[in-house]
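Commentary on secondary and tertiary structure
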Amino acid sequence: MGRDELAAVVARDIPRGSYVNLGIGQPTLVADHLAPDQGVTLHTENGMLGMGPAAVGDEVDPDLVNAGKVPVTELPGAAYFHHADSFAMMRGGHLDVCVLGAFQVSQHGDLANWHTGAPGAIPAVGGAMDLATGAKQVFVVMTLFARDGSAKLVPECTYPLTGLACVRRVFTDLGVFDVGPAGVVVRETWGTTVRGLRDRLPVALRRLEDS
């Protein structure tokens, strides 16, 4: 599943009428796949509510960017506010969904996405901790395996944690998984099978129909 195709899958699963924050990187692509009739309102932590898809061509305004400094558009009724007010929204439980990237997600929903722990690596926590604990639902978008072939869906995170038991659903290039107290449930796969994933992942997998 390519990045844009996966972003469309995430957009499909966002409940209608939700207030949503899209994290830096791959999650920002979700904005380009939201249907107008979904009624989703996008929030960006640098102080905007009502963000539209990425800006292209003459739409680009250097003063209108998301938290990842990517030029974006505004939708009718968009509002701008202080950074502190934006974080108050995040911390106060006013966001229905946030979509984040990750280095690792545990089978119980723990999230590690700000630091690999590698010597010399630059920590990049940003607002991830606020979003992970403040949003009502946390979705993660990531590749299922790292470049060295190691799994990123793991029994326990080995990287510094962003949040405990905060992730509900994980969208990857090979499938979609629900995580939580009951472990990992496979919602759908592409390019592989549940049996094939069981051979490669260090976590127990249950099928959606068996849960």
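Above this text is the structure in question.
Right, let's walk through the structure included here. Per chain, residue numbering runs from 1 following the sequence as it is written. Confidence filtering applies because this is a predicted model: local features only for residues at pLDDT of at least 70, side-chain atom pairs given and counted only at 80 or more, and all residues used for totals across whole chains, interfaces and linings. Processing note: side-chain calculations cover all non-hydrogen atoms of the structure and skip hydrogens and water entirely.

1. Focus: the packing of aromatic side chains
Describing an aromatic ring pair means giving the distance of the ring centres and the angle of the ring planes. In this analysis, rings of Phe, Tyr and Trp, with Trp reduced to its six-membered ring, are considered paired at centre separations within 6.5 Å, and the interplanar angle assigns stacked below 30 degrees, edge-to-face beyond 60, and tilted for intermediate values. Throughout the structure, instances matching the rule amount to two aromatic pairs. Their ring planes at 85° and their centres at 6.1 Å tell us that phenylalanine 103 and tyrosine 159 sit as a pair that is edge-to-face. Separated by 56 residues along the polypeptide, phenylalanine 103 in the loop between strand S5 (97-100) and strand S6 (104-106) and tyrosine 159 in the loop between strand S9 (153-154) and strand S10 (167-171) bring together distant segments of the chain. By relative accessible area, tyrosine 159 is classed as partly exposed at 30%. Here, a charge over a ring is recorded when the distance from Lys NZ or Arg CZ to the ring centre is within 6 Å and its angle to the ring normal is within 35 degrees. In this structure, arginine 200 packs its charged tip against the face of phenylalanine 145, placed 3.8 Å from the ring centre. By definition, any uninterrupted DSSP run of H or I lasting at least four residues is a helix, any uninterrupted run of E lasting at least two residues is a strand, and each is numbered from the N terminus. Only protein chains enter the calculation, and the probe is 1.4 Å; a residue is then buried if its accessible area is under 20% of its type maximum, exposed if over 50%, and partly exposed in between.

2. Overview of the nonpolar core
Ranked by size, the top nonpolar core spans 31 residues in total, and within it Val105, Leu111, Leu153, Val167, Phe177 and Leu201 carry the most contacts. Of all elements in the fold, only helix H2 (83-91), S5, helix H3 (128-134), strand S8 (137-141), S10, strand S12 (184-189) and helix H4 (194-198) reach the threshold of two or more residues within this core. Non-local contacts of leucine 153, meaning those with residues more than four positions away in its chain, are made with Val105, Ser106, Met142, Leu144, Phe177, Val179, Val184, Leu201, Pro202 and Val203. Throughout this description, the term nonpolar core refers to a set of buried Ala, Val, Leu, Ile, Met, Phe, Trp, Tyr and Cys residues connected via side-chain atoms within 4.5 Å. Formed by 25 residues, the second largest nonpolar core is a distinct cluster that contains Ala7, Ile14, Val97 and Phe171. By definition in these notes, contact holds between two residues if any of their heavy atoms fall within 4.5 Å.

3. Some remarks on the sheet that holds S10
Here we have ten strands laid out as an open sheet, ordered S4-S3-S2-S1-S5-S8-S10-S11-S12-S13, and mixed in their pairing. Here the strands that pair on one side only, and so sit at the sheet edges, are strand S4 (72-80) and strand S13 (205-207). Each neighbouring strand pair of the sheet contributes to a mean axis angle of 35°, computed without reference to strand direction. Note on geometry: axes are lines fitted to C-alpha atoms, helical ones only across the stretch in contact, with angles between N-to-C directions running from 0 to 180 degrees. Where helix H1 (residues 3-13) meets the sheet, its contacts fall on S5, S8, S10, strand S11 (175-178) and S12, and the angle it forms with S10 comes to roughly 145°. Strands were regarded as paired on the criterion that DSSP finds at least two bridges between them.

4. A look at the state of the cysteines
Every disulfide links exactly two cysteines, by a covalent bond between their sulfur atoms. Any pair of cysteine sulfurs within 2.5 Å is marked as a disulfide. Under the defined criterion, the tally for this structure stands at zero disulfides. With no disulfide partner, cysteine 98 has as its closest neighbouring cysteine sulfur the one in cysteine 166, 7.7 Å distant.

Geometry only, nothing functional implied.
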